[in-house]
Amino acid sequence: MDHGLRQLRAWLAWQQAAGAVDLVGEPADPALALPSSVPTLPEAAEPADARPLAALLPGMPAQAIAPPVRRSETGDVATARRLALACPDLVALEAALAGFEGCALRRTATRLCFADGNPASPLVLIGEAPGAEEDRQGKPFVGPSGRLLDRMLATIGLDRSRFWITNCLFWRPPGNRTPSPQEVAVCQPFLERALELVQPRIVLFVGGTAARTLLGLEAGVTRLRGTLRSWHPDWSPQPIETLVTFHPAYLLRNPAQKKLVWRDLLQLCQRLEADSGAGPGGRPH
Ligand code: URA
(Lines give C-alpha, C1' and ligand atoms only; values in the text may rest on other atoms or scores of the structure.)
Protein backbone atom coordinates (compact mmCIF):
# COMPACT_ATOMS: atom_id res chain seq x y z
CA MET A 1 0.00 0.00 0.00
CA ASP A 2 1.15 3.54 -0.74
CA HIS A 3 3.02 4.94 2.28
CA GLY A 4 0.98 8.18 2.54
CA LEU A 5 -2.26 6.23 2.31
CA ARG A 6 -1.08 3.87 5.02
CA GLN A 7 -0.31 6.86 7.26
CA LEU A 8 -3.70 8.34 6.61
CA ARG A 9 -5.44 5.04 7.35
CA ALA A 10 -3.52 4.71 10.62
CA TRP A 11 -4.51 8.23 11.57
CA LEU A 12 -8.16 7.66 10.68
CA ALA A 13 -8.19 4.37 12.57
CA TRP A 14 -6.88 6.23 15.58
CA GLN A 15 -9.54 8.92 15.26
CA GLN A 16 -12.22 6.23 15.09
CA ALA A 17 -10.84 4.45 18.12
CA ALA A 18 -10.85 7.83 19.87
CA GLY A 19 -14.55 8.24 19.14
CA ALA A 20 -14.34 10.87 16.35
CA VAL A 21 -17.56 11.24 14.43
CA ASP A 22 -16.53 13.81 11.84
CA LEU A 23 -13.44 15.42 10.40
CA VAL A 24 -14.14 19.10 10.98
CA GLY A 25 -13.84 21.35 13.98
CA GLU A 26 -11.08 22.51 16.28
CA PRO A 27 -10.20 20.99 19.65
CA ALA A 28 -11.59 23.07 22.50
CA ASP A 29 -8.11 23.41 23.98
CA PRO A 30 -5.50 24.30 21.30
CA ALA A 31 -2.77 22.88 23.52
CA LEU A 32 -4.32 19.46 22.94
CA ALA A 33 -4.37 19.72 19.14
CA LEU A 34 -2.83 16.89 17.20
CA PRO A 35 0.26 17.60 15.08
CA SER A 36 -0.76 19.43 11.91
CA SER A 37 0.90 16.86 9.69
CA VAL A 38 -0.03 13.21 9.86
CA PRO A 39 2.87 11.49 11.56
CA THR A 40 4.52 8.48 10.02
CA LEU A 41 3.85 5.39 12.07
CA PRO A 42 6.01 2.31 12.25
CA GLU A 43 4.79 -0.97 10.90
CA ALA A 44 6.00 -4.31 12.11
CA ALA A 45 7.46 -5.38 8.78
CA GLU A 46 9.22 -2.14 7.87
CA PRO A 47 12.74 -1.05 8.76
CA ALA A 48 12.62 1.71 11.34
CA ASP A 49 14.85 4.11 9.43
CA ALA A 50 12.15 4.71 6.81
CA ARG A 51 10.05 6.67 9.26
CA PRO A 52 11.52 9.78 10.87
CA LEU A 53 9.12 10.24 13.77
CA ALA A 54 11.81 12.02 15.72
CA ALA A 55 11.48 14.94 13.35
CA LEU A 56 7.78 15.24 14.16
CA LEU A 57 7.99 15.30 17.91
CA PRO A 58 9.61 18.04 19.95
CA GLY A 59 12.36 16.64 22.18
CA MET A 60 11.02 15.72 25.59
CA PRO A 61 13.53 15.86 28.39
CA ALA A 62 14.08 12.38 29.78
CA GLN A 63 13.97 12.22 33.55
CA ALA A 64 16.18 9.81 35.43
CA ILE A 65 14.80 7.69 38.27
CA ALA A 66 17.10 6.46 40.99
CA PRO A 67 16.49 2.93 42.28
CA PRO A 68 14.08 3.11 45.25
CA VAL A 69 15.49 2.30 48.65
CA ARG A 70 14.28 -1.24 49.41
CA ARG A 71 12.67 -1.59 52.81
CA SER A 72 13.45 -4.74 54.69
CA GLU A 73 10.75 -7.20 53.79
CA THR A 74 8.92 -9.43 56.21
CA GLY A 75 6.08 -11.95 56.27
CA ASP A 76 4.25 -12.72 53.05
CA VAL A 77 6.23 -10.13 51.10
CA ALA A 78 9.52 -11.76 52.10
CA THR A 79 8.11 -15.18 51.20
CA ALA A 80 6.98 -13.83 47.84
CA ARG A 81 10.45 -12.41 47.19
CA ARG A 82 12.17 -15.70 48.09
CA LEU A 83 9.81 -17.72 45.92
CA ALA A 84 10.04 -15.34 42.99
CA LEU A 85 13.82 -15.09 43.03
CA ALA A 86 14.11 -18.88 42.95
CA CYS A 87 12.24 -19.07 39.64
CA PRO A 88 14.54 -19.56 36.65
CA ASP A 89 11.93 -18.65 34.03
CA LEU A 90 8.41 -17.32 33.49
CA VAL A 91 6.82 -20.76 33.48
CA ALA A 92 8.26 -21.45 36.93
CA LEU A 93 7.23 -17.98 38.07
CA GLU A 94 3.62 -18.50 37.01
CA ALA A 95 3.60 -21.87 38.77
CA ALA A 96 5.05 -20.28 41.91
CA LEU A 97 2.34 -17.62 41.83
CA ALA A 98 -0.32 -20.27 41.37
CA GLY A 99 0.87 -21.97 44.55
CA PHE A 100 1.44 -18.78 46.55
CA GLU A 101 -1.02 -18.44 49.45
CA GLY A 102 0.12 -15.03 50.69
CA CYS A 103 -2.24 -12.84 48.65
CA ALA A 104 -5.79 -12.77 50.01
CA LEU A 105 -7.17 -11.87 46.57
CA ARG A 106 -6.65 -15.41 45.36
CA ARG A 107 -9.48 -16.56 47.63
CA THR A 108 -12.06 -14.32 45.92
CA ALA A 109 -10.72 -14.50 42.37
CA THR A 110 -11.72 -17.21 39.89
CA ARG A 111 -8.23 -17.78 38.59
CA LEU A 112 -4.71 -16.44 38.39
CA CYS A 113 -4.17 -13.84 35.66
CA PHE A 114 -0.46 -13.67 34.94
CA ALA A 115 0.56 -12.30 31.55
CA ASP A 116 0.07 -12.42 27.80
CA GLY A 117 2.03 -11.57 24.68
CA ASN A 118 5.61 -12.04 23.66
CA PRO A 119 8.18 -12.12 26.46
CA ALA A 120 11.02 -11.83 23.91
CA SER A 121 9.85 -8.35 22.94
CA PRO A 122 11.74 -5.29 24.17
CA LEU A 123 8.40 -3.68 25.09
CA VAL A 124 6.41 -4.48 28.24
CA LEU A 125 3.04 -2.99 29.23
CA ILE A 126 1.95 -3.01 32.86
CA GLY A 127 -1.60 -2.34 34.01
CA GLU A 128 -3.21 -2.40 37.42
CA ALA A 129 -5.31 -5.48 38.14
CA PRO A 130 -7.49 -8.00 36.33
CA GLY A 131 -11.17 -7.15 35.91
CA ALA A 132 -14.14 -9.50 35.48
CA GLU A 133 -13.29 -10.76 31.99
CA GLU A 134 -9.59 -11.16 32.83
CA ASP A 135 -10.63 -13.12 35.91
CA ARG A 136 -12.69 -15.45 33.70
CA GLN A 137 -10.05 -15.94 31.01
CA GLY A 138 -6.88 -15.72 33.11
CA LYS A 139 -5.31 -13.19 30.70
CA PRO A 140 -4.66 -9.47 31.19
CA PHE A 141 -6.56 -6.83 29.26
CA VAL A 142 -9.13 -8.99 27.49
CA GLY A 143 -12.24 -7.10 28.69
CA PRO A 144 -13.59 -3.72 27.49
CA SER A 145 -10.43 -1.83 28.58
CA GLY A 146 -8.25 -4.38 26.87
CA ARG A 147 -10.20 -4.16 23.65
CA LEU A 148 -9.77 -0.38 23.58
CA LEU A 149 -6.08 -0.74 24.38
CA ASP A 150 -5.66 -3.28 21.57
CA ARG A 151 -7.41 -0.97 19.09
CA MET A 152 -5.25 1.98 20.05
CA LEU A 153 -2.04 -0.03 19.84
CA ALA A 154 -3.09 -1.49 16.49
CA THR A 155 -3.11 2.01 15.01
CA ILE A 156 0.64 2.16 15.58
CA GLY A 157 1.19 -1.37 14.31
CA LEU A 158 1.47 -3.12 17.68
CA ASP A 159 -0.28 -6.34 18.60
CA ARG A 160 0.45 -8.86 21.32
CA SER A 161 3.22 -10.48 19.32
CA ARG A 162 5.08 -7.17 19.70
CA PHE A 163 4.86 -6.71 23.47
CA TRP A 164 4.46 -8.56 26.73
CA ILE A 165 1.64 -7.44 29.01
CA THR A 166 0.94 -7.99 32.68
CA ASN A 167 -0.49 -6.27 35.75
CA CYS A 168 0.66 -5.17 39.21
CA LEU A 169 -1.91 -7.55 40.69
CA PHE A 170 -2.33 -11.14 39.55
CA TRP A 171 -5.79 -11.73 40.95
CA ARG A 172 -8.93 -9.65 40.56
CA PRO A 173 -9.85 -7.46 43.54
CA PRO A 174 -13.52 -8.16 44.40
CA GLY A 175 -15.82 -5.81 42.50
CA ASN A 176 -12.73 -4.17 40.95
CA ARG A 177 -12.06 -2.26 44.15
CA THR A 178 -8.75 -0.45 44.57
CA PRO A 179 -6.14 -2.95 45.73
CA SER A 180 -4.78 -2.47 49.24
CA PRO A 181 -1.09 -1.57 49.75
CA GLN A 182 -0.50 -5.07 51.18
CA GLU A 183 -2.03 -6.73 48.11
CA VAL A 184 0.19 -4.65 45.88
CA ALA A 185 3.24 -5.35 48.05
CA VAL A 186 2.89 -9.16 47.98
CA CYS A 187 2.53 -9.19 44.21
CA GLN A 188 5.44 -6.81 43.60
CA PRO A 189 8.27 -9.36 44.05
CA PHE A 190 6.67 -11.55 41.38
CA LEU A 191 6.21 -8.59 39.06
CA GLU A 192 9.82 -7.50 39.53
CA ARG A 193 11.12 -11.03 38.96
CA ALA A 194 9.00 -11.27 35.80
CA LEU A 195 10.56 -8.07 34.53
CA GLU A 196 14.01 -9.31 35.45
CA LEU A 197 13.38 -12.46 33.40
CA VAL A 198 11.92 -10.56 30.43
CA GLN A 199 14.53 -7.78 30.54
CA PRO A 200 12.45 -5.14 28.74
CA ARG A 201 14.11 -2.10 27.29
CA ILE A 202 10.92 -0.04 27.22
CA VAL A 203 8.06 -0.17 29.72
CA LEU A 204 4.69 1.49 29.12
CA PHE A 205 2.81 1.94 32.38
CA VAL A 206 -0.89 1.76 31.65
CA GLY A 207 -2.31 3.95 34.40
CA GLY A 208 -0.65 5.54 37.39
CA THR A 209 -0.79 2.59 39.80
CA ALA A 210 1.85 0.57 38.01
CA ALA A 211 4.21 3.54 37.71
CA ARG A 212 3.83 4.50 41.35
CA THR A 213 4.35 0.90 42.47
CA LEU A 214 7.50 0.23 40.51
CA LEU A 215 9.10 3.65 40.14
CA GLY A 216 8.29 4.85 43.65
CA LEU A 217 6.70 8.04 42.29
CA GLU A 218 3.85 9.70 44.11
CA ALA A 219 2.18 12.03 41.63
CA GLY A 220 -1.13 11.31 39.94
CA VAL A 221 -1.26 9.93 36.43
CA THR A 222 -2.14 13.30 34.90
CA ARG A 223 1.23 14.63 36.03
CA LEU A 224 3.15 11.44 35.33
CA ARG A 225 1.97 10.72 31.82
CA GLY A 226 3.74 11.80 28.68
CA THR A 227 7.27 12.10 30.07
CA LEU A 228 10.01 9.62 29.20
CA ARG A 229 11.83 8.52 32.31
CA SER A 230 14.93 6.45 32.44
CA TRP A 231 14.63 3.78 35.15
CA HIS A 232 17.57 1.79 36.46
CA PRO A 233 16.35 -0.98 38.78
CA ASP A 234 19.04 -3.08 40.40
CA TRP A 235 17.99 -6.17 38.40
CA SER A 236 18.54 -4.60 35.02
CA PRO A 237 22.00 -4.32 33.47
CA GLN A 238 20.91 -1.25 31.51
CA PRO A 239 18.50 1.62 32.09
CA ILE A 240 14.92 1.00 30.99
CA GLU A 241 13.02 3.73 29.19
CA THR A 242 9.60 4.24 30.75
CA LEU A 243 6.47 6.09 29.78
CA VAL A 244 3.18 6.47 31.64
CA THR A 245 -0.15 6.87 29.89
CA PHE A 246 -3.79 6.96 30.88
CA HIS A 247 -5.54 3.70 31.66
CA PRO A 248 -8.09 2.67 28.98
CA ALA A 249 -10.78 2.31 31.67
CA TYR A 250 -10.32 6.04 32.31
CA LEU A 251 -10.50 6.70 28.57
CA LEU A 252 -13.78 4.81 28.33
CA ARG A 253 -15.18 7.29 30.84
CA ASN A 254 -13.32 10.33 29.44
CA PRO A 255 -12.97 9.84 25.67
CA ALA A 256 -11.68 13.40 25.15
CA GLN A 257 -8.43 12.38 26.83
CA LYS A 258 -7.64 9.90 24.07
CA LYS A 259 -5.82 12.60 22.16
CA LEU A 260 -3.23 12.74 24.94
CA VAL A 261 -2.74 9.00 24.71
CA TRP A 262 -2.20 9.43 20.99
CA ARG A 263 0.71 11.70 21.83
CA ASP A 264 2.05 9.17 24.32
CA LEU A 265 1.89 6.44 21.72
CA LEU A 266 3.75 8.61 19.24
CA GLN A 267 6.50 8.97 21.80
CA LEU A 268 6.45 5.22 22.28
CA CYS A 269 6.81 4.76 18.51
CA GLN A 270 9.76 7.08 18.48
CA ARG A 271 11.42 5.17 21.29
CA LEU A 272 10.76 1.82 19.62
CA GLU A 273 12.23 3.11 16.39
CA ALA A 274 15.35 4.30 18.17
CA ASP A 275 15.52 0.94 19.91
CA SER A 276 15.20 -1.11 16.74
CA GLY A 277 18.37 0.56 15.52
CA ALA A 278 20.07 -0.22 18.84
CA GLY A 279 23.76 -0.96 18.73
CA PRO A 280 25.59 -3.80 20.47
CA GLY A 281 23.30 -5.61 22.87
CA GLY A 282 20.20 -4.24 21.14
CA ARG A 283 17.39 -6.60 20.17
CA PRO A 284 15.91 -5.40 16.90
CA HIS A 285 12.24 -6.34 16.77
N1 URA B 1 -7.38 -3.23 33.84
C2 URA B 1 -6.09 -3.53 34.12
O3 URA B 1 -5.36 -2.71 34.67
N4 URA B 1 -5.66 -4.73 33.79
C5 URA B 1 -6.39 -5.62 33.17
O6 URA B 1 -5.90 -6.71 32.88
C7 URA B 1 -7.72 -5.29 32.87
C8 URA B 1 -8.20 -4.09 33.22
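Residues numbered from 1 in each chain as written. Predicted model: local features only at pLDDT ≥ 70, side-chain atom pairs only at ≥ 80, totals over all residues. Heavy atoms only, no water.

*Asks:* What is the right way to look at the site of the ligand in this model?
*Replies:* Taken together, the residues surrounding the ligand are Gly127, Glu128, Ala129, Glu134, Pro140, Phe141, Asn167 and His247. Ala129 is positioned with one of its backbone polar atoms (N or O) 3.1 Å from a nitrogen atom of the ligand. Residues belonging to the shell around the ligand are distributed by class as follows: 3 nonpolar, 3 polar and 2 charged. (Near = heavy atom within 4 Å. Polar contact = N/O pair within 3.5 Å; in protein donor to acceptor, adjacent residues only side chain to side chain. Nonpolar A, V, L, I, M, F, W, Y, C, P; charged D, E, K, R; others polar.)

*Asks:* Help me out: how do you make sense of the pairing of strand S4 (residues 164-167) in this one?
*Replies:* Consecutive side chains of a regular strand alternate in pointing toward one face of the sheet and then the other. Neither face of S4 is left uncovered, since the one carrying Trp164 and Thr166 and the one carrying Ile165 and Asn167 both have all their residues buried. Relative to S4, strand S2 (residues 115-117) runs antiparallel, the two sharing 3 bridges. Paired with Gly117 across the bridge in S4 is Trp164. (Buried < 20%, exposed > 50% of the residue type's maximum accessible area, 1.4 Å probe, protein only. Helix = DSSP H or I, 4+ residues; strand = E, 2+ residues; numbered from the N terminus. Pairing = 2+ DSSP bridges.)

*Asks:* Any chance you could explain the nonpolar core here in plain terms?
*Replies:* Most often, soluble globular proteins keep nonpolar side chains buried together rather than apart. Residues Phe114, Ile126, Phe170, Trp171, Phe190, Phe205 and Trp231 are the most contacted members of the largest nonpolar core, which totals 42 residues. For this core, the secondary-structure elements that each account for two or more residues are helix H2 (75-85), helix H3 (90-99), strand S3 (123-127), helix H6 (181-198), strand S5 (202-206), helix H7 (208-215) and strand S7 (240-245). Sort the elements by how many residues they give to this core and H6 lands first, with 8 residues. Apart from the residues lying within four places of it in its own chain, the contact partners of Trp171 are Leu97, Phe100, Cys103, Leu105, Arg106, Ala109, Arg111, Leu112, Pro130 and Cys187. Counting residues in each nonpolar core, the second largest holds 26 residues, with Leu123, Leu125, Ile165 and Leu272 among its members. (Core = buried A, V, L, I, M, F, W, Y, C linked by side-chain atoms within 4.5 Å. Contact = heavy atoms within 4.5 Å.)

*Asks:* Is there a simple way to think about the pairing of S5 in this case?
*Replies:* Judged by how many residues are buried, S5 sits mostly within the fold: 5 of 5 residues are covered. Burial of the side chains of S5 extends over both faces: Ile202, Leu204 and Val206 are buried on one face and Val203 and Phe205 on the other. Pairing of S3 with S5 involves 4 bridges; the strand directions are parallel. Looking across to S5, one finds that Val124 is bridged to Val203. Note that S5 and S7 share 5 bridges and pair parallel. Residue pairing in the sheet places Phe205 in a bridge with Val244 of S7.

*Asks:* Honestly, the packing of aromatic side chains in this entry has me stumped. Any pointers?
*Replies:* Each pair of aromatic rings is reported with the distance of its centres and the angle of its planes. Evaluated as defined, the whole model comprises 6 aromatic pairs. Judged by centre distance (6.0 Å) and plane angle (75°), the ring pair of Phe114 and Trp164 falls under edge-to-face. With Phe114 in the loop between H3 and S2 and Trp164 in strand S4, this pair connects stretches of sequence that are 50 residues apart. With respect to class, Phe114 is no different from Trp164; both count as buried. Of the aromatic side chains, those joined through ring pairs into one cluster are Phe114, Trp164 and Phe170. (Phe/Tyr/Trp six-rings, centres within 6.5 Å; stacked < 30°, edge-to-face > 60°.)

*Asks:* So what exactly am I meant to see when it comes to H3 here?
*Replies:* Residues lying three or four places apart along an α-helix face the same way, a consequence of the helix completing one turn every 3.6 residues. Of the residues making up H3, those classed as buried are Leu90, Leu93, Ala96 and Leu97. Each buried residue of H3 sits inside an arc of 115° when the element is viewed along its axis, so together they form one side. Set apart from the buried face of H3 by more than 90 degrees, the exposed residues are Val91 and Gly99. Close packing links the buried residues of H3 with H2, S4 and H6. (Arc of directions from axis to C-beta.)

*Asks:* Is there a simple way to think about unusual backbone geometry in this case?
*Replies:* Peptide bonds are mostly trans, and most non-glycine residues show a negative phi. Within the chain, Phe141 stands out as a residue other than glycine whose phi angle is a positive 55°. Mapped onto the secondary structure, Phe141 falls in the loop between helix H4 (132-137) and helix H5 (144-154). Using a relative accessible area of 5% as the deciding quantity, one classes Phe141 as buried. Backbone geometry places Asn176, a non-glycine residue, at a positive phi of 60°. With respect to the element layout, Asn176 can be found in the loop between S4 and H6. Asn176 gets classed as partly exposed once you look at its relative accessible area, which sits at 46%.

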